[in-house]
Amino acid sequence: MEYSGKLVVFEGPDGAGKTTQVKLAAERLQKMGYSVVMTREPGGTRLSEEIRQLLLDPANREMSPVTEALLYAGARSQLVAEVILPALASGKIVLCDRFVDSSLAYQGFGRGLDLEMLRQVNRFALDRLGRFCTILLDLPPEEGLERGKKREKDRLEQEDISFHRRVWEGYHFLIKEYPERIRVVDASSQPEIVHQQVWKHLSAFINGSDQGGVF
Ligand SMILES: Nc1ncnc2c1ncn2[C@@H]1O[C@H](COP(=O)(O)OP(=O)(O)OP(=O)(O)O)[C@@H](O)[C@H]1O
Ligand SMILES: [Mg+2]
């Protein structure tokens, strides 16, 4: 698809600092005069936020891994159609807190679902979306869970540490799978230091010196 906007996705384990970094990047871009859309997954539209409730509610213990994967893809499809593609078409910069790599890492590596199947379902969900940039905030899962300790855990966060280890290993597999698209940032330093690293990659993608890649 031809469009003038840019999609930058923030990924990483729970507590890696995604939400913090999306906000810092958005503020900086807005100060520079860019038109920025901030969104998150699962969610970002009315329907997708309803699906989010289903996905994250710890009471939904019986949800099968395939149902989980399809609900994520459904929420994503709605977000792409309703928010991301229209924003890109009008030249905006879209910053998304989690996206399709989360499905490969959590449902593929965490839950053990077939990666090729997940890719196909998600290609369907991504529709005409072209190149984008994924910034992977890299932090060992133990450290991320420690940071996020203060608030109540959602259904996926309640999984044991071996699940979160597999997710982290999944992200590292994806770095090799998508070298054009995924940029890794060490998320263990202070937020402002992490932001400088994020900015290096993000600004290269915005100014076109880094073309990003497709899913
Ligand atoms: N670089 C950092 N160093 C230390 N603490 C941080 C850093 N970045 C964020 N935090 C803190 O860690 C916690 C988790 O950060 P944040 O919510 O941004 O992570 P997240 O990746 O969005 O987490 P989640 O997956 O739970 O949504 C917050 O309390 C935040 O203030
Ligand atoms: Mg967050």
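Throughout this description, residue numbers start from 1 for each chain and increase along the sequence as written. Naming scheme: in the order in which they are written, chains are lettered from A and ligands are numbered from 1. Per-residue local features of the predicted model are confined to residues with pLDDT of at least 70, and side-chain atom pairs are confined, for both listing and counting, to 80 or more; whole-chain, interface and lining totals are unaffected and use all residues.

Caption draft 1: Seen up close, helix H2 (residues 46-56). Listed in full, the buried residues belonging to H2 are Ser 48, Ile 51, Arg 52 and Leu 55. End-on view of H2: buried residues confined to an arc of 110 degrees, all on one side of the axis. Exposed side of H2, more than 90 degrees from the buried face: Arg 46 and Gln 53 are the residues found there. Looking at the packing, one finds that the buried side of H2 touches helix H3 (65-89). In this scheme every C-beta is placed from the backbone, and a residue whose C-beta has 20 or more other C-beta atoms within 10 Å is buried, one with 12 or fewer is exposed, and one in between is partly exposed. What counts as a helix is a DSSP run of H or I of at least four residues, what counts as a strand is a run of E of at least two, and both are numbered from the N terminus. The arc in question is traced by the directions running from the helix axis to the C-beta atoms. Contact criterion: two residues are in contact if their C-beta atoms, reconstructed from the backbone, are within 7 Å.

Caption draft 2: Local environment of H3. The span you would expect from a helix comes to 1.5 Å times its residue count less one. The end-to-end C-alpha separation of H3 is 34 Å, in line with the 36 Å expected for 25 residues at 1.5 Å each. A residue's bend is simply the angle between two axes: one fitted to the seven residues ending at it, one to the seven starting at it. The sharpest bend along H3 reaches about 45 degrees and sits at Val 80. Gly 91 occupies a position one or two residues after H3 and carries a positive phi of about 85 degrees.

Caption draft 3: A look at the site of ligand 1. The criterion for a residue being near a molecule or strand is simple: its C-beta atom, placed using the backbone, must lie within 6 Å of it. Inspection of the region around ligand 1 gives 13 residues, with Gly 17, Lys 18, Thr 19, Thr 20 and Arg 147 positioned closest. At the level of elements, helix H1 (18-31) and helix H8 (191-206) are the ones that each hand at least two residues to the shell around ligand 1. Considering each element in turn, the shell around ligand 1 owes the most residues, three residues, to H1.

Caption draft 4: Spotlight on the environment of Gln 107. Within the secondary structure, Gln 107 is located in helix H4 (residues 100-110). When the 28 C-beta atoms within 10 Å are taken as the criterion, Gln 107 is described as buried. Along the chain, Gln 107 and Val 167 lie 60 residues apart, while their C-alpha atoms are 8.5 Å from each other. Beyond its immediate sequence surroundings of up to four residues, Gln 107 is in contact with Pro 65, Glu 68, Ala 69, Tyr 72, Leu 113 and Leu 118.

Caption draft 5: Expanded view of the nonpolar core. One nonpolar core equals one set of buried Ala, Val, Leu, Ile, Met, Phe, Trp, Tyr and Cys residues connected by C-beta atoms within 7 Å. If you look at the biggest cluster of nonpolar residues, it comprises 52 residues, and the most contacted ones within it are Val 8, Val 9, Ile 84 and Ile 135. By residue number, the principal contributor to this core is H3, which donates ten residues. With near-sequence residues (within four places) excluded, Ile 135 lies in contact with Val 8, Val 9, Phe 10, Glu 11, Arg 183, Val 185, Val 198, His 201 and Leu 202.

Caption draft 6: Local environment of the sheet that holds strand S4 (residues 133-138). Criterion used throughout: strands pair if DSSP finds at least two bridges between them. As summarised here, the arrangement of the five strands in space is S2-S3-S1-S4-S5, forming an open sheet in which the pairing is parallel. Two strands in the sheet have a free side with no partner beyond their single neighbour: strand S2 (36-40) and strand S5 (182-186). If you compare each strand with its neighbour and ignore which way they point, the axes differ by 20 degrees on average. Direction of pairing for strand S1 (residues 6-11) relative to S4: parallel, over a ladder of four bridges. Note on S4: the bridge partner recorded for Phe 10 is Ile 135. Axis definition: a line fitted to C-alpha atoms, over the contacting stretch in the case of helices. Angles run 0 to 180 degrees between N-to-C directions.

Spatial relationships are all this shows, so hold off on functional conclusions.
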